[in-house]
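Chain residues, written in single-letter form:
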Amino acid sequence: MENGGGKPVAAGRWHFGVNSALTKISDISIRPVLNMVMANIPEDGLRPVPLGHGDPSVFPCFRTTSVAEDAIVDAVRSAKFNCYASTVGILPARRALAEYLSRDLPYKLSPDDIFLTGGCTQAIEILLSALVRPGANILLPRPGFPFYEARAAFCGLEARHFDLVPEKGWEIDLEAVKALADENTVAMVVINPGNPCGNVFTYQHLAEVAETAKGLGIAVIADEVYDHLVFGSNPFVPMGIFGTTVPVFTVGSISKRWVVPGWRLGWIATNDPTGVFRETKVVDNITTLLNITTDPATFIQGAIPHILQNTKDDFFKKTIDTLKKTADICWDKLKEIDCVTCPHKPEGSMFVMVKLDLSQLEDINDDIDFCSKLAKEESVVILPGGAVGLKNWLRVTFAVDPSSLEEGLDRLKSFCQRHANKIK
Ligand SMILES: *Cc1c(COP(=O)(O)O)cnc(C)c1O
């Protein structure tokens, strides 16, 4: 196998070896960074507190609704979903999703606007690949979700970054977006509610995003994997509302709202009432790509209509109440810690970004050093901000049960006190 510069990459008598296209991106991902941090946890140490990644499904207070569990069991027992699914997903599931997403829109989506994927992850993967052409670039938020960078690098799409501005509640710097874009820019990514910042964009800001993208002739990729997970003053506004201004690809999944990331069901929705995506044939690329990948398990697809139609509001309310409570705990406890500042109270998703003040710490070099020592001394896992694009910040998830969160943040506080600069 030849690679990169055309030189054989494997040494010795074997013809296979490392792929340099993959080495380039092997560290642009949350998981390896978290694994590196977690490797510092001593085996006989305190009970680990995971504030690093957003998967609260392990905590009883975040268990999914029995409506969803029963829907899966019934789908399996019916023996109707043991077959292969169709390329874009089975019709009843796409129809149910079109109805579910249309509830929040001023127009109706059709089942043909919905493409089922293996979680939101595969939706992103397919979309970026569908948008590639020679020399193309995509605009990504910083801080952001590094899977976009990794996939863009892998499929040969140049990534350019615009800032989210902490002093403005992490709003997008739209002037930067305009300055970055050129005739090769295909799309910009908007993650709302935000990971990693826990912000929720206002209607007004999203309207400006739509006008900006329209002016630049680019699509919007709206990552709404945290749809409806909001608990501040801003309601959740789907980007698709602005579909007549600018065509929008919405990506989402049941992973976060139903707290079942292991079920691997996500989607791409084309919010495009004026038909730009069909005219430009970019939807044909999506179908072609889905043809050469595998599908979400058919019985999960089979359960989707039931899950979407019958989940009770009290389940959603319970999840949101818990997140609101844990976000409050997080905000209050972080305020008590001298060496960190939190510019914006989280209003959605499961995360908050916290700035480290290294000048107040005695023997800490950077965010990675901070998180590694914290794991070693306190068995608390936090993600170094560098992993999401902001060096010397931290991303803390509050989607854990309240007592573990309190304990984790108390340990964070004593860690900071222990390492505080004595000579002031
Ligand atoms: C979790 C997450 C995803 C991936 O979602 P899955 O459905 O688990 O694949 C995509 N985007 C963001 C911003 C996320 O936080």
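See above for the structure.
Residues numbered from 1 in each chain as written. Predicted model: local features only at pLDDT ≥ 70, side-chain atom pairs only at ≥ 80, totals over all residues. Heavy atoms only, no water.

1. Some words on the pairing of strand β11 (residues 266–271)
The element β11 is extensively covered by neighbouring structure, given that six of its six residues are classed as buried. Of the pairings in the sheet, the one linking strand β4 (residues 114–117) to β11 comprises four bridges and is antiparallel in character. Within β11, the position partnered with F115 by the bridge is I268. Bridge analysis of strand β10 (residues 248–253) against β11 gives six bridges, and the strand direction is antiparallel. Bridged to S253 within β11 is G266. (Buried < 20%, exposed > 50% of the residue type's maximum accessible area, 1.4 Å probe, protein only. Helix = DSSP H or I, 4+ residues; strand = E, 2+ residues; numbered from the N terminus. Pairing = 2+ DSSP bridges.)

2. Some words on the pattern of salt bridges
Within this structure, the stated rule accounts for 20 salt bridges. For K317, the salt bridge goes to D321, with nearest N and O atoms at 2.9 Å. Of the two residues, K317 and D321 are both situated in helix α12 (residues 313–335); the distance of four residues between them amounts to about one turn of the helix. The class for D321 is partly exposed, based on a relative accessible area of 39%. Here R418 and E377 are joined by a salt bridge, their closest N and O atoms 2.8 Å apart. Highlighted residues: R418 in helix α14 (residues 402–418) and E377 in helix α13 (residues 367–378), separated in sequence by 41 residues. Classification of R418 by relative accessible area gives partly exposed; the value is 40%. Residues joined by salt bridges that share partners form a network here, namely R47, E407 and R411. (Salt bridge = Lys/Arg side-chain N within 4 Å of Asp/Glu carboxyl O.)

3. Re the environment of L229
Along the chain, L229 falls in the loop between β9 (219–223) and β10. The class of L229 is buried, set by a relative accessible area of 2%. In sequence terms L229 and P193 are 36 residues apart; their C-alpha atoms lie 7.3 Å from each other. Leave out the neighbours within four places in its chain, and L229 touches P193, K256, R257, T319, I320, L323, E347, G348, S349 and M350. (Contact = heavy atoms within 4.5 Å.)

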